[in-house]
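Remarks on the overall topology
Now for the letters of each chain:
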Amino acid sequence: MQASAIERVETIVLDVPTIRPHVLSVATMQSQTVVLVRLHCADGVEGVGEGTTIGGLSYGGESPEGIKLAIDAYFAPLLIGADTTRPAVIMDRLRRSIIDNRFAKNAVETALLDIQGKRLGVPVSELLGGRIRDRLPVLWTLASGDTAQDIAEAEAMIASGRHAAFKLKIGKRPVQDDVAHVAAIKRALGARASIRVDVNQAWSEAAAKRALPLLAEAGVDLVEQPIRAHATAGMARLTAMGLIPIMADEALHGPESGYALACGQAADVFALKIAQAGGLTEAKRLAGVAQSAGVALYGGTMLEGPVGTIASAQLFATLPEIEFGTELFGPLLLTEELLVEPLHYADGCLSVPSGPGLGVQLNEDAIAALRRDRDSRTSVITPKLVAG
Ligand SMILES: O=C(O)C[C@H]1C=CC(=O)O1
Ligand SMILES: [Mn+2]
């Protein structure tokens with residue numbers, strides 16, 4: 001086997017507790033399931049990628065277990081023996097052979113670019129056209145499910161200087177209750193904070209039409225995916241109201257969907273997510289569609305751990321404009337540190353690592369402690385020890 005060829009594909013499911021319940025209209029998260037993909041080359045070079053979603057199958061069509069299965073059963077045979085010095089050739093082969101599975105493709109592409117960056121001695125950003133910035137603005141999501149707790153959390157974030165923009169998860173309660181919740185938070189924080197809301201598709205168009213003037217009146221700066229992902233014409237009607245910028249999130253499945261939304265004038269802003277786009281290069285193509293169409297950009301997350309977060313950051317750092325900032329706070333929602341050296345968050349920004357590849361190193365002890373199969377791995381060993 002060639003030195004740069006992939007010798008082994010490893011997929012690991014981690015269950016990581018969250019610092020508090022994270023309440024979305026589609027799910028309440030008490031923990032996050034992170035799928036890590038490690039590509040081991042014959043010469044010992046290794047790349048890591050992440051395939052992470054929210055709430056099992058409640059957010060999208062790929063579950064953590066499904067991502068692992070798809071990679072183990074279908075991606076791995078195409079990857080073993082492949083030459084990692086040609087990541088684009090490998091991704092082209094995968095895209096031709098495997099339909100959809102965008103989260104799994106993103107995880108694999110991330111690992112391939114991590115390898116390539118390590119071999120060339122450059123950060124992944126430099127493989128994607130080159131970075132324009134080393135720091136990215138990061139907001140925080142208030143989603144405890146309780147208005148007073150959300151206000152206290154925001155006050156603490158503002159006081160510590162970590163965040164001054166907040167996204168509120170709504171859509172679970174009746175519209176008037178959600179609007180009261182949002183208005184109370186904005187009233188408490190005033191001009192000290194930018195407030196945005198994410199409905200995660202929960203409203204009908206009629207409910208959204210009722211809510212938008214009230215949210216505008218309350219001082220909300222952005223409304224994310226208020227109605228169903230496929231409701232392009234409805235999104236266009238809400239956008240045309242011109243009350244608050246409307247952002248597409250779940251509706252975006254890569255550059256083609258972005259092109260259709262832009263043609264239909266169905267959003268003012270796109271939430272760019274490397275997982276939803278099917279990888280970093282597809283996400284970069286989507287960003288190009290937005291730039292060409294005059295659609296603003298926002299750096300989104302699937303609440304990934306540090307690997308997916310930094311893969312996203314490496315891409316977002318290459319964008320000339322990212323008007324609405326980013327939400328790359330996923331690692332801060334987790335109780336456990338998955339890296340040897342934690343990511344650096346300060347003054348409302350995340351620093352983009354400058355080392356080769358992703359520029360992050362996994363904390364192997366944390367991975368061993370959090371992996372879902374740790375008990376079965378132990379029980380494989382235990383009987384042998386008992387028998388011996
Ligand atoms: O945007 C989403 O729908 C998913 C995610 C991003 C931030 C957050 O709290 O949830
Ligand atoms: Mn969203």
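Residues numbered from 1 in each chain as written. Chains lettered and ligands numbered in written order. Predicted model: local features only at pLDDT ≥ 70, side-chain atom pairs only at ≥ 80, totals over all residues. Heavy atoms only, no water.

Topic: the sheet that holds strand β5 (residues 140-142)
Backbone-to-backbone hydrogen bonds join strands into a sheet, with any given pair of strands oriented parallel or antiparallel. In space, the seven strands of this open sheet follow the order β5-β6-β7-β8-β9-β10-β11, with parallel pairing throughout. In the strand order of this sheet, the two ends are held by β5 and β11 (296-299), each with one partner. For this sheet, the mean angle separating the axes of adjacent strands, direction not counted, is 30°. Pairing between strand β10 (residues 269-272) and β11: four bridges, direction parallel. Residue pairing in the sheet places Ala271 in a bridge with Tyr298 of β11. (Pairing = 2+ DSSP bridges. Helix = DSSP H or I, 4+ residues; strand = E, 2+ residues; numbered from the N terminus. Axes fitted to C-alpha atoms, helices over the stretch in contact; angles between N-to-C directions.)

A word on helix α3 (residues 102-120)
The end-to-end C-alpha separation of α3 is 26 Å, in line with the 27 Å expected for 19 residues at 1.5 Å each. Within α3, 16 of the 19 residues are buried, which leaves it mostly tucked inside the rest of the structure. Once α3 ends, the next one or two residues include Gly121, with phi positive near 75°. (Expected span 1.5 Å × (residues − 1). Buried < 20%, exposed > 50% of the residue type's maximum accessible area, 1.4 Å probe, protein only.)

A word on the UniProt feature "active site" (unreviewed entry) in the protein
Look at the UniProt record and you will see "active site" (unreviewed entry) annotated at Lys169 and Glu327. A stretch of 159 residues holds the annotated residues, and the largest C-alpha distance among them is 12.9 Å, short enough that they meet in one place. Given a relative accessible area of 13%, Lys169 falls into the buried group. Of note is the side chain of Lys169, whose polar atom sits 2.7 Å from the side chain of Asp198. Within the element layout of this structure, Glu327 appears in the loop between α12 (306-316) and β12 (345-346). Relative accessible area serves as the criterion here: at 2%, Glu327 is assigned to the buried category. Each residue touching Glu327, except ones within four places of it in the same chain, is listed here: Val138, Leu139, Lys167, Lys273, Tyr298, Gly299, Gly300 and Thr301. (UniProt positions renumbered as here; feature names shortened; annotations may be inferred. Polar contact = N/O pair within 3.5 Å; in protein donor to acceptor, adjacent residues only side chain to side chain. Contact = heavy atoms within 4.5 Å.)

Describing the coordination of the manganese ion (ligand 2)
At the metal site, the manganese ion (ligand 2) is ligated by Asp198 (OD), Glu224 (OE) and Asp249 (OD), and these contacts range over 2.1 to 2.2 Å. Among the residues examined, Glu224 registers a relative accessible area of 1% and is labelled buried. (Donors = N, O, S within 2.8 Å, 3.2 Å for Na, K, Ca; no water.)

Regarding the site of ligand 1
Every one of the 15 residues lining ligand 1 counts as a neighbour, but His22, Tyr59, Lys167, Asp198 and Asn200 are closest to it. Asp198 is positioned such that a nitrogen or oxygen atom in its side chain is 3.0 Å from an oxygen atom of ligand 1. Bound to the protein, ligand 1 loses 100% of the 280 Å² it would expose on its own. Here the shell around ligand 1 is built from residues that sort into four nonpolar, four polar and seven charged. Each of two domains, domain 1 (5-122 + 365-370) and domain 2 (127-358), supplies a minimum of three residues to the shell around ligand 1. (Near = heavy atom within 4 Å. Areas by Shrake-Rupley, 256 points an atom, 1.4 Å probe, with all protein chains shown as cover. Nonpolar A, V, L, I, M, F, W, Y, C, P; charged D, E, K, R; others polar. Domains from an automatic or database assignment.)

A closer look at the domain arrangement of the protein
Interfaces are often sized by the amount of accessible area the parts lose when they come together. With domains assigned, the protein is organised as domain 1 (5-122 + 365-370) and domain 2 (127-358). Look at where the C-alpha atoms of domain 1 and domain 2 centre, and you get two points 22 Å apart. Carbon and sulfur atoms make up 65% of the area that domain 1 and domain 2 hide from each other, which totals about 3,600 Å². Per-residue buried area on domain 1 facing domain 2 is highest for Arg20, Tyr59 and Arg102; these three make up 19% of the total on that side. Viewed at the interface, domain 2 and domain 1 are joined by one salt bridge. The shortest N-O distance in the salt bridge between Glu153 and Arg20 comes to 2.7 Å. Joining domain 1 to domain 2, the criterion identifies 20 residue pairs in polar contact (both at pLDDT 80 or more). When residues of the side of domain 1 that touches domain 2 are traced back to their parent elements, those giving at least two are β1 (6-23), β2 (28-41), β3 (46-52), α3 and α13 (364-370). Looking at the side of domain 1 that touches domain 2 element by element, the count peaks at 12 residues for α3. The residue makeup of the side of domain 1 that touches domain 2, split by class, is 21 nonpolar, 13 polar and eight charged. (Buried area = accessible area lost by both parts, 1.4 Å probe. Salt bridge = Lys/Arg side-chain N within 4 Å of Asp/Glu carboxyl O.)

Describing the environment of Met1
Within the secondary structure layout, Met1 lies in the segment before β1. Here Met1 falls in the exposed class, since its relative accessible area comes to 63%. Sequence separation of Met1 and Gly81 is 80 residues, and the distance between their C-alpha atoms is 6.8 Å. Discounting chain neighbours no more than four positions away, the residues touching Met1 are Ile6, Glu7, Ala42, Ile80 and Gly81.

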